[in-house]
Every structure is written in structure tokens, then in C-alpha cells.
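Survey of secondary and tertiary structure
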Amino acid sequence: KDFKDQMIIDAGQKHFGAIICKSCGMIYTAASPEDEAQHIQHHQRFLEGIKYVGWKKERVVAEFWDGKMVLILPDDPKYAIKKAEDVRELVDNELGFKQIVLSCPSKIKTYFFVSNERKIVGCLIAEQIKQAFRVLSEPNVPQSPNQDVLQHHRAWRCSIKPEVAICGISRIWVFSLMRRRGIARRMVDVVRNTFMYGCYLSTDEIAFSDPTPDGKLFATKYCQT
Ligand code: ACO
Ligand code: ZN
């Protein structure tokens, strides 16, 4: 009898805690049927969305040991544009953006970071812009153990003086299980090199629009170095 009880408890515990799916990255509780159903739905949609089949005239703009970068332009074949739109939708979903209209669809450049396993693990959308408003650095507040928490809740202050910028990064996203491997950094490096023919944009000439807390941490670090 004791043995049987133990089994039940073990099984119960196994299903109680949060689980992180190793393929789609979703965190869910297997104890909850709604959660499990939601996971199955997200899992399939996500993996289908990031699957990269490729096409004949794909524009490879960089190659790395762990993948390559592909650029999609507005005049590309329909299936390439469709893929760019599908991935943008996934990203917008994750960022909580709802139906944000691109300022000028005919000018956007979509960059994918495609892993060796042929999955789109990074996406960057860049648009040509004329001006940007710099996010002001925060006044120095004393370091406290809650620093991180504060950092994540503060709204950014922006300067009211427009500055000249050339390339606006309206979305940057890296698959949750592949973060902190320099994928975002490499994507921005490649954008600076390929956005305008024949020149390497300085960090002053690129602007991140409306950054999330993650985006701000990344951008601050990137622009410093
Ligand atoms: N916290 C603190 N520092 C960070 C973080 C973070 N979450 N992310 C990046 N950095 C800094 C680090 O210093 C890092 O170097 P290190 O790992 O050697 O310390 C450096 O930036 C470079 O980071 P990468 O590895 O190149 O960044 P990554 O590939 O992980 O992608 C990104 C960063 C795109 C912000 C990713 O976290 C993400 O997709 N987040 C969710 C989506 C999102 O919020 N995107 C930004 C939206 S804003 C916009 O699109 C304009
Ligand atoms: Zn999953």
C-alpha cells in the first residue's frame, strides 16, 4: 500500500511543476489540461513557422559556424515574402505587438538567422528612417538588490530633439532557447554592413524603435561596444 501511495505522489509531482519544452521553448504546467492543449497548439504553429525550407535565389548575406543569415526584400518571390510575414507574426505575438502597421512595407528589409538545423532562430526587421529620438540614459540611482526589477518596469525617457538616423530596427528577436549566444549582435553587425550599399553604418546611424526591456538591455550593451 505504501509503495502504491509513493508512486502516486511521484507521478503527481512530476506533473505539477513548470515544464519547458525543449523544442518550442514554451513554459507550461502539464497538470493543467488547458495549458497542455495550449502548448500543443503553440508547439505546432511555432515549429511550422520557424521551419526554413529555403528557395533557389535566397540571398545569403553572412555565414557562421552555427548558421547563416538570409535577407528578404520587398520584391522577392511570393513565398519568401510569405515566410517573412509569417515569422513577423510569430515575433509580434511574442512581443505583444498587435497589428502594428509597418510605416512603409515597400522599404522593409527582413533578415533571418537560419540555424544549421534549418530553423529560423533569429529575425530582424529594418526600415529606412530619417530621424529617431534617443532613449536617454537613466539618472544614476544607488545600486540596490532590486535594481533588476526596477530596470524592468521603468518607462524609457526619450529626448525631444530628433537625431539623424538611417536604419530603424523595428523588430529584433531571437528564439528563447538560443539567446545569449551573440545571435542578435551578429544580426545587427550584418545589418550595418548590408543595409546601405557600400557603407558600414555607425551605431549612431541605427535606431531601435520602442524597445522592450530585453531589447533595451541588448541595445545599450551593443551600442557601447
Ligand atoms: N539581459 C541583459 N543583457 C543582455 C540581454 C538580457 N536579456 N540580452 C542581451 N544582453 C546583452 C549582453 O551583454 C550580451 O552579451 P553577453 O551575453 O556576452 O553578456 C549582449 O547584449 C549581446 O547579446 P546577444 O547574445 O547578441 O543577444 P541575444 O541573441 O540573446 O538576443 C534579444 C537579444 C533579441 C533582445 C533577445 O533577448 C530577444 O529576442 N528577446 C525577446 C524579444 C525582444 O524583446 N526583442 C527586442 C524587442 S525591441 C525591438 O525589436 C526594437
Ligand atoms: Zn513545445
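See above for the structure.
Keep in mind that what you see is a predicted model, and the values were worked out from it rather than measured.

Right, let's talk about the pattern of salt bridges for a bit. Summed over the entire model, instances satisfying the criterion amount to 8 salt bridges. Glu 48 serves as the salt-bridge partner of Lys 51, at 3.4 Å between the closest nitrogen and oxygen. The exposure class of Glu 48 is partly exposed, given its relative accessible area of 48%. Linking Asp 92 and Arg 171 is a salt bridge whose minimum nitrogen-to-oxygen distance equals 2.5 Å. Of this pair, Asp 92 sits in helix 3 (residues 78-95) while Arg 171 sits in strand 9 (residues 167-174), and the two are 79 residues apart along the sequence. Neither residue differs from the other here; Asp 92 and Arg 171 are each classed as buried. One salt-bridge network, in which partners are shared between bridges, spans Glu 94, Arg 179 and Asp 214.

Moving on: the coordination of the zinc ion (ligand 2). Looking at the zinc ion (ligand 2), the protein donor atoms are Cys 21 (SG), Cys 24 (SG), His 39 (NE2) and His 43 (ND1), and they sit 2.0 to 2.3 Å from it. Coordination at the zinc ion (ligand 2) is tetrahedral, judged from the 4 donor atoms that bind it and the angles of 106 to 115 degrees they form at the metal. One chain supplies every donor to the zinc ion (ligand 2), and in sequence these donors are spaced C-x2-C-x14-H-x3-H. Linking Cys 21 in the loop between strand 1 (18-20) and strand 2 (27-29) with His 43 in helix 2 (residues 33-50), this pair joins segments that are 22 residues apart in sequence. The same class applies to Cys 21 and to His 43, which are both buried.

Nonpolar side chains in soluble globular proteins tend to end up buried together. The biggest cluster of nonpolar side chains holds 49 residues, and the ones touching the most others in it are Tyr 111, Phe 112, Leu 124, Cys 167 and Val 188. Residues within four places of Phe 112 in sequence aside, it is in contact with Tyr 52, Lys 68, Met 69, Val 70, Ile 72, Lys 83, Ala 84, Val 87, Ile 120, Gly 122 and Cys 123.

The subject of this paragraph is the packing of helix 5 (residues 183-194) against helix 6 (residues 213-224). For the pair helix 5 and helix 6, the least separation of the axes is 11 Å and the interaxial angle reads 55 degrees. Classified by the interaxial angle, the pair formed by helix 5 and helix 6 is oblique. Taken as a pair, helix 5 and helix 6 cross one another with a handedness that is right-handed. Within the contact between the two elements, helix 5 uses Ala 184, Arg 185, Val 188, Asp 189 and Arg 192 and helix 6 uses Phe 218, Lys 221 and Tyr 222.

Looking now at the site of ligand 1. Taken together, 22 residues form the shell around ligand 1, and within it Ile 172, Val 174, Arg 180, Gly 182 and Thr 212 come nearest. Arg 180 has a polar backbone atom sitting 2.7 Å from an oxygen atom of ligand 1. When isolated, ligand 1 has an accessible area of 960 Å², and the protein chains bury 82% of it. Examining the composition of the shell around ligand 1, we find that 6 residues originate from one element, strand 9, more than from any other. Each residue belonging to the shell around ligand 1 can be placed in one class, and the counts come to 10 nonpolar, 5 polar and 7 charged.

Criteria and thresholds
Residues numbered from 1 in each chain as written. Chains lettered and ligands numbered in written order. Predicted model: local features only at pLDDT ≥ 70, side-chain atom pairs only at ≥ 80, totals over all residues. Heavy atoms only, no water. Salt bridge = Lys/Arg side-chain N within 4 Å of Asp/Glu carboxyl O. Buried < 20%, exposed > 50% of the residue type's maximum accessible area, 1.4 Å probe, protein only. Helix = DSSP H or I, 4+ residues; strand = E, 2+ residues; numbered from the N terminus. Donors = N, O, S within 2.8 Å, 3.2 Å for Na, K, Ca; no water. Tetrahedral: all angles 85-135°; square planar, octahedral: opposite > 155°, others 65-115°. Core = buried A, V, L, I, M, F, W, Y, C linked by side-chain atoms within 4.5 Å. Contact = heavy atoms within 4.5 Å. Axes fitted to C-alpha atoms, helices over the stretch in contact; angles between N-to-C directions. Parallel < 35°, antiparallel > 145°, perpendicular 65-115°, else oblique. Left-handed = near helix turned anticlockwise from the far one by under 90°. Near = heavy atom within 4 Å. Polar contact = N/O pair within 3.5 Å; in protein donor to acceptor, adjacent residues only side chain to side chain. Areas by Shrake-Rupley, 256 points an atom, 1.4 Å probe, with all protein chains shown as cover. Nonpolar A, V, L, I, M, F, W, Y, C, P; charged D, E, K, R; others polar.

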